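# Understanding the architecture of this molecule
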Amino acid sequence: MGLRILTGTGYRHLRGTIPGFAAIPEPAVVLAGVRDVEPHQRAPLAASALEQVPGGPYDPAALGPA
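Thresholds, definitions, all that
- Residues numbered from 1 in each chain as written.
- Predicted model: local features only at pLDDT ≥ 70, side-chain atom pairs only at ≥ 80, totals over all residues.
- Heavy atoms only, no water.
- Helix = DSSP H or I, 4+ residues; strand = E, 2+ residues; numbered from the N terminus.
- Buried < 20%, exposed > 50% of the residue type's maximum accessible area, 1.4 Å probe, protein only.
- Contact = heavy atoms within 4.5 Å.
- Lys, Arg positive; Asp, Glu negative; His and termini not counted.
- Charge placed at Lys NZ, Arg CZ, Asp CG, Glu CD.
- Pairing = 2+ DSSP bridges.
- Right-handed = clockwise from strand over helix to strand, strands pointing away.

Let us now look at the overall build of the protein chain. Broken down by element type, the protein chain carries three helices and two strands. Going from the N terminus to the C terminus, the protein chain shows its helices and strands as α-α-β-α-β. Principal-axis analysis of the C-alpha atoms places the extent of the protein chain at approximately 40 × 25 × 15 Å. Classification of the 66 residues of the protein chain by burial places 20% in the buried group. The long-range share in the protein chain, meaning contacts at least 24 apart out of those at least 6 apart in sequence, stands at 12%. Charged side chains of the protein chain number 5 positive and 5 negative; the gap between the two group centres comes to 12 Å.

Right, here's the structure in full:
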């Protein structure tokens, strides 16, 4: 929910209640340390332009490009 508000991709009515709100473009957002997401979140995340770096054992070099 927070990411959809932040990126302006969801919760339009709620975003409208935030004074001075300005969305952050998805390509400017890094979702780091993700271990698992709910089934209903997987497709929207896969279709988004968010940069994702999985949690758990990962290559620290992956954070540099992200």
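Having seen the model, we can carry on.
Another point: the environment of Gly2. Its location among the elements puts Gly2 in helix H1 (residues 2-7). Taking the C-alpha atoms as reference points, Gly2 and Gly20, separated by 18 residues in sequence, lie 17 Å from one another.

Let's shift gears to the pairing of strand E1 (residues 30-34). With four bridges joining them, E1 and strand E2 (residues 51-54) adopt parallel strand pairing. Residue pairing for E2: Val30 is matched across the bridge by Glu51. With helix H3 (residues 39-47) bridging E1 and the parallel E2, this β-α-β connection has right-handed handedness.

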